[in-house]
Amino acid sequence: IINFSMYKSGFNTVFSSYRLRNICSIFSNKDNNFYNVFLSKVSQLNMSSSPSPYALAALKTKGIEKSVWVEFIQLALEVKPLNLGQGFPDFAAPDSIRKALAECCTDDQNVLFNQYTRGFGHPRLVTALSKLYSQILKREIDPLQEVFVTAGAYEALFVTINGLVNPGDEVIIIEPFFDCYEPQVKLAGGTPIFVPLRPTKTEGQISSSDWKLDPQELSKAFSSRTKAIIVNTPNNPLGKVFSLEELTLIADLCKKHNSIAIMDEVYEWMTYDGVEHIRMANLPGMWERSITIGSAGKTFSVTGWKIGWAIGPKELLAGPKVVHQHSVYTCTTPTQEAVARGFEIELERFGTTDCYFKSLPLELTDKRNKIVKILSDAGLNPIIPEGGYFILADVRNLMSKIDVGGDPSEAKDFRFVKWLSRNRKLQGIPPSAFYSAPHKSIGRRLHSLLFYKSIESAPSGMQDDNLEKAGEILAKLKADLEAGKV
């Protein structure tokens, strides 16, 4: 009746054994031993065929196993290059917030700082967040109903998507995108719909503002199935800060199609040259259909603390809170207490040059300008970011002169980044990782180098050693190419 050769792979064995359970039950009344004998034979085939490590994984995890960060962090561990790819600063966070954490952990007067706190956010932190966002969103934010704290912005995105998206719903993702968006939508049973930012300028000095949405392309992406759109502004990795005109276009489409705007605004305080960060929730009719996601890691340069938050109307936060409640449940108490104290200090300074939210982007502007010069001097064409702390560069000319080797089936920008890491000890991240399959050519063709965290590599008053090293490596590569030594 059954052809056992159908079930030789580990995955098929596990999947099919579930389906065949129903078949076997047909015979169970006549032969109670049939089912056990049959599964024993299938299990023997499974064990003998050395199944994949993912053989037992749930079907919904198939096709999303890989992560560009896992792959290139491992490469960095092996090669030990100057790693400018991973998004964290290599300078100290503000003294006030670091000292606050030390005090929380060693406070003998309040030992509860080392115990569980409220599941949806430590009371002191949600109160501080509500005070801050009440000012910037120009409305009174309820700390207990309209704010909740998560294990980093990553979890805020996960619970928001999984708490709102039903199987069959469509979610629009603007490219380039942070790579967790697509798998998180798929885990929720949704269908990602991709709309790329496209360059309107490819020669001369190029800014991230030169990358724009095509209004017709975006409009066609919306339909009655569109549950949400994810907008990252300032954008990682491009550094684009969406304009009022662009956000209004998105807002109008959300209202027309009754869709939700999931706003990833973790780089909200990092904008340069007077460019204003505009918040979707402030646009007419958009508070009711927006969730704003933020990050203490980006705000206070403490990425290892993993504290994030989601802010929005209680009706939109209800589903995400359920997902959080039944997974993470509560976040680390002392870090929440320390972040709350940090916000309280900055609220007193808010709007002044002493405020960290003002001083940090001023320091980063100098570092951004420095890395722009380094890339230009090396013969590359940087895309000057308006925000964030990454930078992209057009490296087509450079790649065309180098035999990067590697597996020809692998994207060339991936192979180039690996070559640069192994042979020149400078590592970034390949930009095509942040595009869907149909649009990967945009990343490969126009800006295939990497993201430089070095634009924030040292505190004010100290020499940017990593920037200097990167400049030396790229200058040497340029000289070697001109001398025919590569």
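Under the annotation held in an unreviewed UniProt entry, the chain carries the name Kynurenine--oxoglutarate transaminase 3 and is attributed to Armadillidium nasatum. According to the UniProt record, the Sequence similarities (unreviewed entry) comment for the chain reads "Belongs to the class-I pyridoxal-phosphate-dependent aminotransferase family." Check the Catalytic activity (unreviewed entry) section of the UniProt entry for the chain; it says "an S-substituted L-cysteine + H2O = a thiol + pyruvate + NH4(+)".

Caption draft 1: Here's a closer look at the nonpolar core. Core analysis: the largest hydrophobic core is formed by 80 residues, its most contacted members being Tyr133 and Phe343. In terms of residue count, helix α5 (residues 123-136) provides more of this core than any other element does, seven residues in total. Taken domain by domain, this core gets at least three of its residues from each of domain 1 (68-91 + 355-483) and domain 2 (95-349). Those residues in contact with Phe343 that lie beyond four places of it in its chain are Leu125, Ala128, Leu129, Leu132, Thr299, Phe300, Trp309 and Phe357.

Caption draft 2: Region of interest: helix α11 (residues 314-325). Those residues of α11 not exposed but buried are Leu316, Leu317, Pro320, Lys321 and His324. Along α11, the residues classed as buried sweep out an arc of 125° about the axis, all on the same side. For α11, the secondary structure elements touched by its buried residues are β2 (147-150), α6 (152-164), β9 (260-264), β10 (290-295) and β11 (308-311).

Caption draft 3: How the structure looks around the sheet that holds β10. The strand order across the open sheet formed by seven strands is β2-β11-β10-β9-β8-β3-β4, and the pairing between neighbours is mixed. Edge strands, defined here as strands with exactly one partner in the open sheet, are β2 and β4 (191-196). Recorded for the sheet is a direction-independent mean angle of 20° between the axes of neighbouring strands. With five bridges joining them, strand β8 (residues 226-232) and β9 adopt parallel strand pairing. Paired with Asn232 across the two strands is Asp264, which belongs to β9. Sheet strands touched by α11: β2, β9, β10 and β11. Its angle to β2, the strand with the most contacts, is close to 30°.

Caption draft 4: Representation of the sheet that holds strand β13 (residues 392-394) within the structure. Read from one edge of the open sheet, three strands run β6-β12-β13, paired in mixed fashion. Strand pairing shows two members of the sheet lacking a second neighbour, β6 (206-207) and β13, which therefore form its edges. Relative to strand β12 (residues 381-384), β6 is paired through two bridges, and the arrangement is parallel. Note on β12: the bridge partner recorded for Ile206 is Ile383. In the packing of helix α13 (residues 356-377) onto the sheet, the strands contacted are β12 and β13, and the crossing angle to β12 comes to about 160°.

Caption draft 5: Region of the structure containing the pairing of β9. Of all five residues in β9, five are buried; the element is thus mostly enclosed. Between the parallel pair β8 and β9, the chain is carried across by helix α9 (residues 244-257), and the sense of this crossover is right-handed. Bridge analysis of β9 against β10 gives four bridges, and the strand direction is parallel. The residue of β10 that forms the bridge with Asp264 is Ile293.

Caption draft 6: Highlighting the environment of Ile229. Here Ile229 shows up in strand β8. When the C-alpha atoms of Ile229 and Ala251 are compared, they prove to be 9.9 Å apart, with 22 residues separating the residues in sequence. Beyond its immediate stretch of four places on either side in the chain, Ile229 contacts Ile172, Ile174, Leu218, Phe222, Ile250, Cys254, Ile260, Ala261 and Ile262.

Cut-offs and rules
- Residues numbered from 1 in each chain as written.
- Predicted model: local features only at pLDDT ≥ 70, side-chain atom pairs only at ≥ 80, totals over all residues.
- Heavy atoms only, no water.
- UniProt positions renumbered as here; feature names shortened; annotations may be inferred.
- Core = buried A, V, L, I, M, F, W, Y, C linked by side-chain atoms within 4.5 Å.
- Buried < 20%, exposed > 50% of the residue type's maximum accessible area, 1.4 Å probe, protein only.
- Helix = DSSP H or I, 4+ residues; strand = E, 2+ residues; numbered from the N terminus.
- Domains from an automatic or database assignment.
- Contact = heavy atoms within 4.5 Å.
- Arc of directions from axis to C-beta.
- Pairing = 2+ DSSP bridges.
- Axes fitted to C-alpha atoms, helices over the stretch in contact; angles between N-to-C directions.
- Right-handed = clockwise from strand over helix to strand, strands pointing away.

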